[in-house]
Amino acid sequence: MADKRGRKNKYLTHVEPYLKEIEEWCQTMTEAQIAKRLGISQSTFSDYKNKFPELSEAIKNGRRDLIAELKSSLIMKAKGFSHMTKKAAKCRTVEYENGKRSKETEEIVYYDEEQYFPPDTAALNLALKNYDKDNWANDPQMLEVRKKELELKERQIENNEW
């Protein structure tokens, strides 16, 4: 008779039935939070990612949507944008009768206002570093050194000196 020691694998009961939810949770939660929600430890969750390709695929799919949304937000912030917001204001009405105050009312009035957010330099810097790596860096001199280094390596490869 086989000796069954150790803990039972919780993947089939605690993880696999929730693959679709895990994909959605990746939009708003860290892997540690997901593991906690599933009732397993972070290390177990990490092991399951390595052992079960469907879990790592669900995480990858969930993160793909999040990354696309974050890229879009970064570009929007880098370029500047306008946004409609709801504002509230107190409005006081005073009624007079025979030259004397007779009634005073106060109400809150809601209205839409367009708010402009100018381009953000930090977002611009990050976007350029990520989308135009060849021409944008914190240290332009280092960028030039890297270009020369790449040219040298290409010449070495062409001359079979590599």
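Structure: see above.
The residue count restarts for each chain, going from 1 along the sequence in the order it is written. Confidence filtering applies because this is a predicted model: local features only for residues at pLDDT of at least 70, side-chain atom pairs given and counted only at 80 or more, and all residues used for totals across whole chains, interfaces and linings. Water and hydrogen atoms were dropped before computing side-chain values, which therefore reflect all heavy atoms in the structure.

Think of a salt bridge as a Lys or Arg side-chain nitrogen and an Asp or Glu carboxyl oxygen that are within 4 Å of each other. One pass over the full model with this rule turns up eight salt bridges. Ionic pairing is found between Arg 101 and Glu 104, a salt bridge with its closest N-O pair at 2.9 Å. We call a residue buried when its accessible area falls under 20% of the maximum for its residue type, exposed when it is over 50%, and partly exposed in between, using a 1.4 Å probe and counting protein chains only. Overall, Glu 104 belongs to the partly exposed group, its relative accessible area being 42%. Among the charged side chains, a network of salt bridges with common partners joins Arg 92, Arg 101, Glu 104 and Glu 106.

We now examine the packing of helix α3 (residues 31-38) against helix α4 (residues 42-51). Remark: α3 packs on α4, axes separated minimally by 9 Å, with the N-to-C direction vectors making an angle of 100 degrees. The angle between α3 and α4 places the two elements in the roughly perpendicular class. Residue-level inspection shows Glu 31, Ala 32, Ile 34, Ala 35 and Leu 38 of α3 in contact with α4, the latter providing Gln 42, Phe 45 and Lys 49. Per-class residue counts for the contact of α3 with α4 are five nonpolar, one polar and two charged. Only the stretch in contact is used when fitting a helix axis, every axis being a line fitted to C-alpha atoms; angles between N-to-C directions are given from 0 to 180 degrees. A helix here means a DSSP run of H or I that spans at least four residues, while a strand means a run of E at least two residues long, and both kinds are numbered starting from the N terminus. For classification purposes, an angle smaller than 35 degrees is called roughly parallel, one larger than 145 roughly antiparallel, one from 65 to 115 roughly perpendicular, and anything else oblique. When checking whether two residues touch, look at their non-hydrogen atoms; a contact exists if any pair is within 4.5 Å. Polar here means any residue outside two lists: the nonpolar Ala, Val, Leu, Ile, Met, Phe, Trp, Tyr, Cys and Pro, and the charged Asp, Glu, Lys and Arg; Gly therefore counts as polar.

Examined against the element boundaries, Thr 85 turns out to sit in strand β1 (residues 81-97). Residue classification places Thr 85 among the buried residues on the basis of a relative accessible area of 16%. Thr 85 has contacts with Tyr 111, Asp 112, Glu 113 and Gln 115, leaving out every residue within four places of it along the chain.

The next subject is α3. Ile 34, Ala 35 and Leu 38 are the residues of α3 that are buried. For α3, the angular spread of the buried residues around the axis is 100 degrees, confining them to a single face. Among the exposed residues of α3, those pointing more than 90 degrees away from its buried face are Lys 36 and Arg 37. In this fold, the buried residues of α3 make contact with α1 (11-15), α2 (19-25) and α4. Starting at the helix axis, one direction is taken to each C-beta atom, and the arc is that of these directions.

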